[in-house]
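These are the residues of each chain, in order.
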Amino acid sequence: MSQHAAASPAPEGSRLIVRTTAVDETEPLIPRTDPRNPLVWLRRGEGVVGLGEVLRIETSGEHRIEDAAAAWTSIAAAADLDDRVGLPGTGLVAFGAFAFAAHSAATSVLIVPELVLGRRDGRSWITRIALADSAEGQALAETTAGEETAALLPTPAPKRQVPRVAFAPGSMTPGGYEAAVAEAVRRIDAGELEKVVLARQLVGELDEDAGLRATINRLAEDYPDTWVFAVDGLIGASPETLVRVDHGTVSARVLAGTAPRGAGEASDRDHAAQLAASEKNLAEHALAVASAVQRLAPHTRRLDTSPEPFTLQLPNLWHLATDLKGTLGDGSNSLDLVRAVHPTAAVAGTPRSVALDTLAELEGFDRGRYAGPVGWVDGAGDGEWAIALRCAQVDGDGTVTAYAGCGIVHDSVPAEELAETEMKFRPIVEAFGG
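Structure report, in brief. Remember, predicted model here, so these are calculated numbers, not experimental data.

### Concerning the overall build of the protein
Link 1 in the chain: The number of helices and strands found in the protein is nine helices and 24 strands.
Link 2 in the chain: Rg of the C-alpha trace for the protein: 21 Å, near the compact-globule value of 22 Å for 434 residues, within the 12% margin.
Link 3 in the chain: Here the C-alpha coordinates of the protein stretch approximately 65 × 50 × 40 Å along the principal axes.
Link 4 in the chain: Out of the 434 residues belonging to the protein, those deemed buried represent 57%.
Link 5 in the chain: For the protein, the share of sequence-separated contacts (at least 6 apart) that also reach a separation of at least 24 residues comes to 75%.
Link 6 in the chain: Of the roughly 17100 Å² of accessible surface on the protein, a fraction of 49% belongs to carbon and sulfur atoms.
Link 7 in the chain: Across the protein, the centroid of the 38 positively charged side chains sits 3 Å from that of the 61 negatively charged ones.

Here's what the structure looks like:
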């Protein structure tokens, strides 16, 4: 049984019964997910996956994140919780994905699954969740967290071939993207803004009989150090932590500035060194870090950043990265901070309002949930959220829309930015057999 909620307080009949217990389980989590509607949040094989749907919070518009946060706080406060594990990701959990823009036609969602399977620090668990007034909820309320758990573990699915999707340019052609970059550079040189992030799309069709587990598994195998996610058809592998909150500690990872990997070891080192010394990339990165610090600092008692940007190695490219870590000072939860920092300069630009108007005009399409927050939140408001990058949205009719974007600054070269989008498309295109 599934129920929709749109605002706080929790709607009548949405009180949840939640039971978490440890299990002796070492098998990979992805093969146990639903092939049609996977819910996944993993890095290096650890994290949470969900099955089924008990409750869904849908929001839209300018206040989509705070409306979802208010509804979630009300639902969590009313829940009957028995958590025998007490790790991040145990107890009541919702998987979430938010639209990038207030005017987007895409809904923003928090989804509470019927079952959550998790693994962290070598420990595994299962969480059962049900509506209190349902037959399942009444039965669950009469059990303790440890009863009859092993039988609930879904059987792992056999390994399947990655579904093949043939991608083609979306509403913006490669030539159109180069023209948009040139226009953005003109506006930056005219002093209208400092940076804008421009994205483009690839579109394909997924066979109706194809499941998505193999695609997610490919991403997890090829990009183990990223956040591999699947929420309501949004699938990807993001290297960028928007915000993580765990018992009063907040952390984030800012990425901006990109270079390709080299053909050999020496060439690869040279590419990384050139990135670390690039004035263009360092300037772009500094804008993104300043934006993140400006928006997180008011919520913290202390906020530290990496002394210098470091080069982050991914299988297909290098990024400039800066880690932030601090202590919360105002009682904010992860959704509060998501609202405070989104959209970052790394995916929008600087100044924010001008950049948002510019990218909407020059891109000419609705980003949907691309570059929006994706992750999970627990009943206490802790959670892990990434920026939805290296991703695609799979719609109910089988349409697959992949996205990639680049930060444009005054010395950006259109052909080079187009080539960078091709690099950034590679993870999701290959995950769909391309």
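### Observations concerning the nonpolar core
Link 1 in the chain: Leu16, Leu110 and Leu198 are the most contacted members of the largest nonpolar core, which totals 89 residues.
Link 2 in the chain: Of the residues forming this core, the biggest block, seven residues, is contributed by helix 1 (residues 64-78).
Link 3 in the chain: For Leu16, the residues in contact, after removing those within four places along its chain, are Val54, Ile75, Ala79, Asp80, Leu92, Val112, Ile129, Ala130, Leu131 and Ala132.
Link 4 in the chain: With 33 residues, the next largest nonpolar core counts Leu29, Ile30, Ile216 and Leu219 among its residues.

### So, the pattern of salt bridges
Link 1 in the chain: Inspection of the entire model under this criterion finds 26 salt bridges.
Link 2 in the chain: Between Arg367 and Glu363 there is a salt bridge, and its shortest N-O distance comes to 2.7 Å. The pair formed by Arg367 and Glu363 is uniform in burial state, with each residue classed as buried.

### Examining the packing of helix 1 against helix 7 (residues 334-341)
Link 1 in the chain: Orientation of helix 1 relative to helix 7, taken along the N-to-C sense of each, is 175°, at an axis distance of 9 Å. For the element pair helix 1 / helix 7, the angle class is roughly antiparallel. Side by side, helix 1 and helix 7 meet where Ile65, Glu66, Ala69 and Trp72 of the first sit next to Leu335, Val338 and Arg339 of the second.

### Looking at the pairing of strand 14 (residues 234-238)
Consecutive side chains of a regular strand alternate in pointing toward one face of the sheet and then the other.
Link 1 in the chain: For strand 14, the tally of buried residues reaches five of five residues, placing the bulk of the element in the interior.
Link 2 in the chain: Covered by surrounding structure in strand 14 are Leu234, Gly236 and Ser238 together with Ile235 and Ala237, the residues of both alternating faces.
Link 3 in the chain: Taken together, the five bridges between strand 13 (residues 227-231) and strand 14 define a ladder with antiparallel strand orientation. The residue bridging Phe229 from the neighbouring strand is Gly236, located in strand 14.
Link 4 in the chain: Hairpin connection of strand 13 to strand 14: two residues between the antiparallel strands, including Asp232 at a positive phi of 55°.
Link 5 in the chain: The sheet contact formed by strand 14 and strand 23 (residues 391-394) spans three bridges and is antiparallel. Residue Leu234 lies in a different strand from strand 23, and its bridge partner there is Gln393.

Rules used in this analysis
Residues numbered from 1 in each chain as written. Predicted model: local features only at pLDDT ≥ 70, side-chain atom pairs only at ≥ 80, totals over all residues. Heavy atoms only, no water. Helix = DSSP H or I, 4+ residues; strand = E, 2+ residues; numbered from the N terminus. Rg over C-alpha atoms; globule rule 2.2 N^0.38 Å. Buried < 20%, exposed > 50% of the residue type's maximum accessible area, 1.4 Å probe, protein only. Contact = heavy atoms within 4.5 Å. Areas by Shrake-Rupley, 256 points an atom, 1.4 Å probe, with all protein chains shown as cover. Lys, Arg positive; Asp, Glu negative; His and termini not counted. Charge placed at Lys NZ, Arg CZ, Asp CG, Glu CD. Core = buried A, V, L, I, M, F, W, Y, C linked by side-chain atoms within 4.5 Å. Salt bridge = Lys/Arg side-chain N within 4 Å of Asp/Glu carboxyl O. Axes fitted to C-alpha atoms, helices over the stretch in contact; angles between N-to-C directions. Parallel < 35°, antiparallel > 145°, perpendicular 65-115°, else oblique. Pairing = 2+ DSSP bridges.

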